[in-house]
Amino acid sequence: MDKLIITAALVGAELTREQMPHLPISPTEIAEAAAAAREAGASIVHLHVRDAQGMPTQDVAVFREVISEIKKRTDVICQISTGGAVGTPIELRAEPLSLRPEMATLTTGTVNFGDDVFMNEPTSIEFLASRMKREGVKPEIECFDAGHISNALRLVKKGLVDEPLYFDFVMGVPGGIPGTVPDLMHCVASLPAGARWQVAGIGRAELQLAAVAIVQGGNVRVGFEDNIYYSRGVLAESNAQLVARVARISRELGREVASPDEARGLLGLAK
Ligand code: KMH
Ligand code: ZN
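Residues numbered from 1 in each chain as written. Chains lettered and ligands numbered in written order. Predicted model: local features only at pLDDT ≥ 70, side-chain atom pairs only at ≥ 80, totals over all residues. Heavy atoms only, no water.

A.B. asks: Is there a simple way to explain the coordination of the zinc ion (ligand 2) in this structure?
C.D. replies: In ideal tetrahedral geometry, four donors around a metal make angles of 109.5 degrees, whereas ideal octahedral geometry with six donors gives angles of 90 or 180 degrees. Surrounding the zinc ion (ligand 2) are the protein donor atoms His46 (NE2), His48 (NE2) and Glu225 (OE), at 2.1 Å. Taken in sequence order, the residues that donate to the zinc ion (ligand 2) follow the motif H-x1-H-x176-E. The burial state of His46 is the same as that of His48; both residues are buried. (Donors = N, O, S within 2.8 Å, 3.2 Å for Na, K, Ca; no water. Buried < 20%, exposed > 50% of the residue type's maximum accessible area, 1.4 Å probe, protein only.)

Given below as structure tokens:
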């Protein structure tokens with residue numbers, strides 16, 4: 001089995017300091033969290049950024065500063081969010097692609113998102129996919145529901161997304177696909193040959209689904225964006241703590257953890 005790719009979703013767009021006192025917000029805090037996550041076993045960091053007031057932003061200048069601070073400290077793969085926060089206009093969501101990061105997320109369908117709706121109309125998805133292709137940015141295909149997988153495969157047929165494909169199943173968002181093992185196995189069974197996948201279990205689904213991904217040859221995303229608890233009622237101390245636990249479980253199960261360069265090789269990214 002290939003080595004495990006761990007992605008650390010450090011910040012998110014919806015979480016506040018009130019909910020998670022250790023949430024990294026400033027560029028320096030995010031870069032330090034990225035370096036610590038890499039040290040703990042992450043090879044990719046999934047990035048949202050915040051403005052000076054701590055609010056989610058797609059401001060290119062802030063992304064530039066965060067990525068530059070990360071690169072000063074570590075070799076981790078930077079994956080920017082084009083999802084932004086619920087309601088962010090699609091043009092703003094696309095703006096950080098001008099920085100030509102190694103990876104960016106591409107959500108391939110609309111989903112109810114708690115009391116909100118995370119809108120991804122077909123025209124918006126194609127707009128983001130073409131922009132990524134033009135800028136040479138590898139998409140991580142984010143699926144919040146099973147139908148998002150077939151939407152993504154239509155983009156491949158249209159030539160808007162190139163193989164090798166990397167899917168992220170975000171499971172357990174209220175309104176999206178539930179965070180259960182049968183639901184995960186259904187998603188995996190829907191993939192074409194040669195596609196790689198990871199799971200991002202939301203809340204209490206995070207650890208169980210991570211364990212399934214480790215033994216099934218998938219990959220794992222953890223971090224405050226998805227789950228802020230280390231165990232029931234106990235807040236995690238850091239993103240790195242959540243990453244370290246997944247790395248430890250994986251090694252105990254006999255699966256080594258990929259370095260960023262090894263992950264680049266597995267994902268078809270240029271070194
Ligand atoms: N903040 C969510 C509404 C992504 O990063 O691409 C969407 C999201 C997906 O987080
Ligand atoms: Zn995100």
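A.B. asks: Can you walk me through the sheet that holds strand E1 (residues 6–9) in this structure?
C.D. replies: Across a sheet, paired strands are connected by hydrogen bonds in the backbone, their directions being either parallel or antiparallel. On the basis of which strands lie adjacent, the closed barrel formed by eight strands has the order E1-E2-E5-E6-E9-E10-E11-E12 and parallel pairing. The sheet shows a mean angle of 25° between the axes of neighbouring strands, taken without regard to direction. One ladder, built from four bridges, connects strand E2 (residues 44–47) with strand E5 (residues 77–80); its direction is parallel. Across the sheet, residue His46 finds its bridge partner in E5, namely Gln79. Running at roughly 160° to E1, helix H8 (residues 239–252) makes contact with E1 and strand E12 (219–222) of the sheet. Contacting E2, E5, strand E6 (103–107), strand E9 (138–143), strand E10 (166–171) and strand E11 (196–201), helix H9 (residues 260–267) runs over the sheet at an angle of about 60° to E5. (Pairing = 2+ DSSP bridges. Helix = DSSP H or I, 4+ residues; strand = E, 2+ residues; numbered from the N terminus. Axes fitted to C-alpha atoms, helices over the stretch in contact; angles between N-to-C directions. Contact = heavy atoms within 4.5 Å.)

A.B. asks: I'm lost on the side chain of Asn227 in this one. Help?
C.D. replies: Inspection of the secondary structure assignment puts Asn227 in the loop between E12 and strand E13 (229–231). Within the local environment of Asn227, its side chain forms a polar contact with the side chain of Glu206, the two groups lying 2.9 Å apart. Each residue touching Asn227, except ones within four places of it in the same chain, is listed here: Gly203, Glu206 and Leu242. (Polar contact = N/O pair within 3.5 Å; in protein donor to acceptor, adjacent residues only side chain to side chain.)

A.B. asks: Help me understand the site of ligand 1, please; the structure alone is not making it clear to me.
C.D. replies: Within the structure, ligand 1 sits among 13 residues, and His48, Ser81, Gly84, Thr105 and Glu225 are positioned closest to it. At a separation of 2.8 Å, a nitrogen atom of ligand 1 approaches a polar backbone atom of Gly84. Here an oxygen atom of ligand 1 and a side-chain polar atom of Glu225 are 3.0 Å apart. For ligand 1, whose unbound accessible area comes to 300 Å², protein coverage reaches 99%. Residue composition of the shell around ligand 1, by class: four nonpolar, six polar and three charged. (Near = heavy atom within 4 Å. Areas by Shrake-Rupley, 256 points an atom, 1.4 Å probe, with all protein chains shown as cover. Nonpolar A, V, L, I, M, F, W, Y, C, P; charged D, E, K, R; others polar.)

A.B. asks: It is not clear to me how the packing of helix H7 (residues 205–216) against H8 should be interpreted in this structure. Could you clarify?
C.D. replies: Packed helices, taken two at a time, are described by the angle their axes make and the gap between the axes. Where H7 contacts H8, the two axes come as close as 10 Å, and the packing angle between them is 35°. For H7 against H8, the interelement crossing comes out right-handed. Counting all contacts with H7, which are made through Glu206, Leu207, Ala210 and Ile214, the residues of H8 involved are Leu242, Arg245, Val246, Ile249 and Ser250. Looking at the contact of H7 with H8 residue by residue, the class counts come to six nonpolar, one polar and two charged. (Left-handed = near helix turned anticlockwise from the far one by under 90°.)

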